[in-house]
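Now for the letters of each chain:
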Amino acid sequence: MERVHPSLADLLERAHVVALPLNTRFRGVTEREAVLFAGTEAWSEFSPFLEYAPAEASAWLAAAIEYGFDASLERLDSGTVEVNATVPAVTADAVPQVLARYDGCRVAKVKVAERGQMLADDLARLEAVRDALPTARLRIDANAGWSVPEAVTALRAMTAAGFEFEYVEQPVASVTELAEVRRAVPGVRIAADESVRKAADPLAVARAGAADHVIVKAQPLGGVRRAAEVVAASGLSATVSSALDTSVGIVMGAQLAARLPQPRYAAGLATVSLFAADVVREPRVAVQGQVSLAPAVPDAALLREFAASDACQNWWFERIRACFEHLSTLGAAYSPE
Ligand SMILES: O=C(O)CCC(=O)c1ccccc1C(=O)O
Ligand SMILES: [Mg+2]
């Protein structure tokens, strides 16, 4: 089939660059920049983190092109998917107010191993989550913040404190280290996130038997189809997550989640609750623990209100250009079958 490609000029003409305030510091930032494309098929989002070079960010552009412009991609326009509450590495006393923003979530993912914090901070945060949601299932995400010995010590301490996790997301950085942690703490399921979405080969971690579970995100994996293919080829159970997306990116993720086989793991798609503003009138936050699959259509007044500065827009337009160039050099690699 023909490659589904808007021209670069078309993309830039349809692009809206926004800078949205967060209500909780996340990944070290308090403002999130994103590009929304008014695609021919759907609104789509391009929001790679600022530090990513074109080689990495271009997969995120491929995802935005697929979702916005590919008429052969199936999109459900109703229904919901279950989501998890995401608890950033806040102090324990702030946990109740963070959790209060997630309506009806029965699964909580808690960030741990934040730089500058201690194991005691993680344990206190977990206790606070358990106090607030005694029946919730728990996961933790270390974002590769531990060494192997630190991970083993922390996981043993958490187990001793009575915590059981659905899985532990990216406790350490490399595939080899994940395998070591997995061997050292049998009974604790290990999930790969960065080892899937930032790896040259997203399946290497599964092939190495270094994880029990994979985290997949539509943008970094080059789109909904490709991310679903990664899950199928991994042979592992999977959770769909996001990257602090606006409601537009969240719906793209929800479409991926809805494609995965049952039983499904609650998706990391409730993070719009961490935003103080969004591009749609009814932000896709969790409602009774679910997020809607209905198309997310930005509001023109909100796009204007939160439009990024001219300098910031120019920076993103240059970035789109660089990523578009990069995709062109890859040829058909990102085009649909
Ligand atoms: O999975 C979730 O609950 C929310 C998304 C999330 O944690 C995240 C958001 C931005 C960047 C990285 C991550 C991550 O999963 O590591
Ligand atoms: Mg993660």
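What counts as what
- Residue numbers restart at each chain and count upward from 1, following the sequence in its written direction.
- Following the order in which they are written, the chains are lettered starting with A and the ligands numbered starting with 1.
- Local features in a predicted model are, by the rule used here, given only for residues with pLDDT of at least 70; side-chain atom pairs are given and counted only at 80 or more, and totals for whole chains, interfaces and linings are based on all residues.
- Computation of side-chain values covers all heavy atoms of the structure but excludes hydrogens and water.
- UniProt positions are given in the numbering used here, feature names are shortened, and annotations may be inferred rather than shown by experiment.
- Strands here are runs of E lasting at least two residues and helices are runs of H or I lasting at least four, both read from the DSSP assignment and numbered beginning at the N terminus.
- Only heavy atoms matter for contacts: two residues are in contact if any of them lie within 4.5 Å across the pair.
- Note on classification: 1.4 Å probe, protein chains only; a residue is buried when its accessible area is under 20% of the maximum for its type, exposed when over 50%, partly exposed between these limits.
- Put simply, a salt bridge is a Lys or Arg side-chain nitrogen that is within 4 Å of an Asp or Glu carboxyl oxygen.
- When DSSP finds two or more bridges between a pair of strands, those strands are recorded as paired.
- For helices, the fitted line uses only the C-alpha atoms of the stretch in contact; every axis is such a line through C-alpha atoms, and the angle between N-to-C directions lies from 0 to 180 degrees.
- Any N, O or S atom lying within 2.8 Å of the metal counts as a donor, and for Na, K and Ca the limit rises to 3.2 Å; water is left out, so some sites can look incomplete.
- Between the rings of Phe, Tyr and Trp (Trp by its six-membered ring), a pair exists once the centres lie within 6.5 Å; its type follows the angle of the planes, with under 30 degrees stacked, over 60 edge-to-face, and the other angles tilted.
- What makes a nonpolar core is a set of buried Ala, Val, Leu, Ile, Met, Phe, Trp, Tyr and Cys residues whose side-chain atoms join them at distances within 4.5 Å.
- Reported domain spans reflect what an automatic or database domain assignment gives.
- Being near a molecule or strand, for a residue, means having at least one of its heavy atoms within 4 Å of it.
- The definition of a polar contact used here is a pair of N or O atoms within 3.5 Å, where within protein one atom must be able to donate a hydrogen and the other to accept one, and adjacent residues in sequence count solely through side-chain atom pairs.
- Computed with the Shrake-Rupley method and a 1.4 Å probe, the accessible areas treat only the protein chains shown as cover for residues.

Engineer: Honestly, the UniProt feature "binding site: Mg(2+)" (unreviewed entry) in the chain in this entry has me stumped. Any pointers?
Structural biologist: UniProt feature "binding site: Mg(2+)" (unreviewed entry): in the numbering of this structure it lies at D141, E169 and D193. With the annotated positions falling across 53 residues, the maximum pairwise C-alpha distance of 9.0 Å places them together in a single cluster. Along the chain, the position of D141 falls in strand β7 (residues 137-141). Among residues more than four places away in sequence, those in contact with D141 are K109, V110, K111, V112, E169 and D193. Among the secondary structure elements, E169 is positioned in strand β8 (residues 165-169). A relative accessible area of 2% places E169 in the buried class. The contact partners of E169, leaving out residues within four places of it in the chain, are K109, I140, D141, A142, N143, A191, D193 and I215.

Engineer: Hey, could you run me through the pattern of salt bridges in this one?
Structural biologist: Note that side chains of opposite charge can pair when their charged atoms are close. Per the counting criterion, the structure on display carries 20 salt bridges. Here D70 makes a salt bridge to R225, at a shortest N to O gap of 2.9 Å. A residue pair is termed long-range when its members are at least 10 positions apart, and D70 in the loop between α2 (54-69) and β4 (80-82) and R225 in helix α9 (residues 224-234) qualify at 155 residues. With respect to burial, D70 and R225 carry one shared label: buried. Several salt bridges converge on common partners, so that one network encompasses K109, K111, D141 and E169.

Engineer: How should I be thinking about the sheet that holds strand β3 (residues 43-46) in this particular structure?
Structural biologist: Strands in a sheet are paired, the pairing made by backbone hydrogen bonds, and the direction either parallel or antiparallel. Taken together, three strands build an open sheet; the order of strands is β1-β2-β3 and the sheet is antiparallel. Single-partner strands in this sheet number two, and they are β1 (15-26) and β3. Mean inter-strand twist for the sheet, computed between neighbouring axes without regard to direction, equals 35°. Strand contacts of α2: β2 (29-38) and β3, with the helix running at about 175° to β3, the strand carrying the most contacts. Sitting on the sheet, helix α10 (residues 247-259) is in contact with β2 and β3, with an inclination near 100° to β3.

Engineer: Would you mind going over the coordination of the magnesium ion (ligand 2) with me for this structure?
Structural biologist: Tetrahedral coordination by four donors puts the ideal angle at the metal at 109.5 degrees, and octahedral coordination by six puts it at 90 or 180 degrees. Every protein donor of the magnesium ion (ligand 2) is accounted for by D141 (OD), E169 (OE) and D193 (OD), and the metal-donor separations fall at 2.0 to 2.2 Å. As a motif over one chain, the donors of the magnesium ion (ligand 2) read D-x27-E-x23-D. Of this pair, E169 sits in strand β8 while D193 sits in the loop between β9 (190-192) and α7 (194-197), and the two are 24 residues apart along the sequence. Across the pair, exposure class does not vary: E169 and D193 are buried alike.

Engineer: When you look at the packing of aromatic side chains in this model, what are you seeing that I'm missing?
Structural biologist: Here a ring pair, both rings aromatic, is described through the centre-centre distance and the interplanar angle of the planes. Taken as a whole and assessed by the stated rule, the structure comprises seven aromatic pairs. Taken together, a centroid distance of 5.7 Å and an interplanar angle of 85° make the contact between F46 and W316 edge-to-face. Of the two residues, F46 is situated in strand β3 and W316 in helix α12 (residues 310-330); the sequence distance between them amounts to 270 residues. Note on F46: relative accessible area 0%, which makes it buried. For W316, a relative accessible area of 0% translates into the label buried.

Engineer: Looking at this model, I keep getting lost on the nonpolar core. Mind explaining?
Structural biologist: A general trend in soluble globular proteins is that nonpolar side chains are found buried together. I140, W146, L155, M158, V216, L256 and L269 are the most contacted members of the largest nonpolar core, which has 92 residues in total. Looking at which element gives the most residues to this core, the answer is α10, with eight residues. Residue assignment places this core across two domains, with domain 1 (8-74 + 300-334) and domain 2 (80-292) each supplying three or more. Not counting the four nearest positions on each side in its chain, W146 is found in contact with V112, A113, D122, I140, A151, A154, L155, M158, P171 and V172. With 27 residues, the next largest nonpolar core counts L12, F46, Y52 and W316 among its residues.

Engineer: Sorry, what's going on with the site of ligand 1 here?
Structural biologist: Around ligand 1, a shell composed of 19 residues is seen, among which T86, K109, N143, K217 and S241 lie nearest. Between ligand 1 and the protein, one listed contact pairs an oxygen atom with a side-chain N or O atom of K111 at 3.1 Å. Take S241: an N or O atom from its side chain is 2.6 Å from an oxygen atom of ligand 1. Protein chains bury 98% of the 380 Å² of accessible surface belonging to ligand 1 in isolation.

Engineer: How do you make sense of the pairing of β8 when you look at a structure like this?
Structural biologist: In the case of a regular strand, side chains alternate between the two sheet surfaces. For β8, the buried fraction is high: five of the five residues fall into the buried class. With two bridges joining them, β8 and β9 adopt parallel strand pairing. Bridge pairing in β9 places V168 opposite I190.

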